[in-house]
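Overview (structure and organization)
Here's the letter readout for the chains.
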Amino acid sequence: MKGRIRVLKGRILVVARGDQDAFRQVYDQVSGPVLGLVRSVLRDPAQSEEVAQEVLVEVWRTAPRFQPSRGSAMNWVLTLAHHRAVDRVRSAQAAALREHKAALLDRTPDFDQVSEQVEARLEREQVRRCLRTLSELQRESVTLAYYRGLTYREVGELLSVPLGTIKTRLRDGLIRLRDCLGVNA
């Protein structure tokens, strides 16, 4: 075992000089352990194979950075594999979180829409409160004309009241509503 480790260390140093035959030998020796480690982190066979391939390409590209004084070649390769696998998990989690947030934003109404709904609700409540300040005759006339959409003539006919009287009730009721609502004429 110790002999294989020394051989791997020597081969990594040769790979650092661009030797393809040495890389083939390194590949044969480390591809199994790399795939096993990556698969234990990712659990997805297809992604594990992809990440293992990325790790082996990284070994080829970064072999000149290998420092034998800092540890064994196998540990260096497996550390690269572990980092790459963890990065993939974090990337997948971040993507899932972004998608979740985007889905929530799609379901959340725009701020303007919410504020408009709140404002409209408050205005309706204020109008209801102000309608309660009118006399019964004024409230009845205003309700029929403005909430049920009847003309002044139809309101008069429905209530059996002359048109002039309906116009007066409506004018007086609308003036009181305007004052109650604080609307400037």
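Parameters and conventions
- Residues numbered from 1 in each chain as written.
- Predicted model: local features only at pLDDT ≥ 70, side-chain atom pairs only at ≥ 80, totals over all residues.
- Heavy atoms only, no water.
- pLDDT = per-residue confidence, 0-100.
- Helix = DSSP H or I, 4+ residues; strand = E, 2+ residues; numbered from the N terminus.
- Salt bridge = Lys/Arg side-chain N within 4 Å of Asp/Glu carboxyl O.
- Buried < 20%, exposed > 50% of the residue type's maximum accessible area, 1.4 Å probe, protein only.
- Disulfide = S-S within 2.5 Å.
- Core = buried A, V, L, I, M, F, W, Y, C linked by side-chain atoms within 4.5 Å.
- Contact = heavy atoms within 4.5 Å.
- Phe/Tyr/Trp six-rings, centres within 6.5 Å; stacked < 30°, edge-to-face > 60°.

Details of the confidence of the model for the protein chain
- When pLDDT is averaged along the protein chain, the result is 89; 94% of the residues meet or exceed 70.
- Mean pLDDT in the protein chain bottoms out at helix 1 (residues 2-15), which sits at 77, and peaks at helix 3 (residues 45-62), which reaches 95.

Observations regarding the pattern of salt bridges
- Taken as a whole and assessed by the stated rule, the structure comprises eight salt bridges.
- In this structure, Arg88 engages Glu54 in a salt bridge whose closest nitrogen and oxygen atoms are separated by 2.8 Å. Placement of Arg88 in helix 4 (residues 73-107) and of Glu54 in helix 3 is noted, with a sequence separation of 34 residues between them.
- Given the relative accessible area of 25%, Glu54 is considered partly exposed.
- Between Arg84 and Glu58 there is a salt bridge, and its shortest N-O distance comes to 2.7 Å. Taken together, the residues span a long stretch of sequence, with Arg84 in helix 4 and Glu58 in helix 3 at a distance of 26 residues.
- Residue classification places Arg84 among the partly exposed residues on the basis of a relative accessible area of 24%.
- For Glu58, a relative accessible area of 15% translates into the label buried.
- Where salt bridges share partners, they join Glu50, Glu54, Glu58, Arg84 and Arg88 into one cluster.

Thoughts on the state of the cysteines
- Taken as a whole and judged by the stated rule, the model has one disulfide.
- Sulfur-sulfur distance for the disulfide between Cys130 and Cys180 comes to 2.0 Å. On the S-S bond that ties Cys130 to Cys180, the torsion sits near -80 degrees, and the link is left-handed. Taken together, the residues span a long stretch of sequence, with Cys130 in helix 5 (residues 111-131) and Cys180 in helix 8 (residues 163-181) at a distance of 50 residues.
- Relative accessible area serves as the criterion here: at 0%, Cys130 is assigned to the buried category.
- Cys180 sits in the partly exposed class, given a relative accessible area of 25%.

Brief notes about the nonpolar core
- Counting residues in hydrophobic clusters, the biggest one holds 24 residues, and the most contacted among them are Ile12, Val30, Val34 and Val59.
- Mapped by element, the contributors of at least two residues to this core are helix 1, helix 2 (20-42), helix 3 and helix 4.
- Every residue in contact with Val30, bar those within four places of it in the chain, is listed here: Leu8, Leu56, Met74 and Val77.
- Membership of the second largest hydrophobic core comes to eleven residues, among which are Cys130, Val142, Val155 and Leu170.

Notes on the packing of aromatic side chains
- Evaluation of the coordinates by the stated rule reveals three aromatic pairs.
- Centre to centre, the rings of Phe23 and Tyr27 are 6.3 Å apart; their planes meet at 55 degrees, and the pair counts as tilted. Taken together, the residues Phe23 and Tyr27, both in helix 2 and four residues apart, mark about one turn of the helix.
- The class of Phe23 is buried, set by a relative accessible area of 17%.
- Residue classification places Tyr27 among the partly exposed residues on the basis of a relative accessible area of 38%.
- Aromatic pair Phe23 and Trp60: ring centres 5.2 Å apart, planes at 70 degrees, arrangement edge-to-face.

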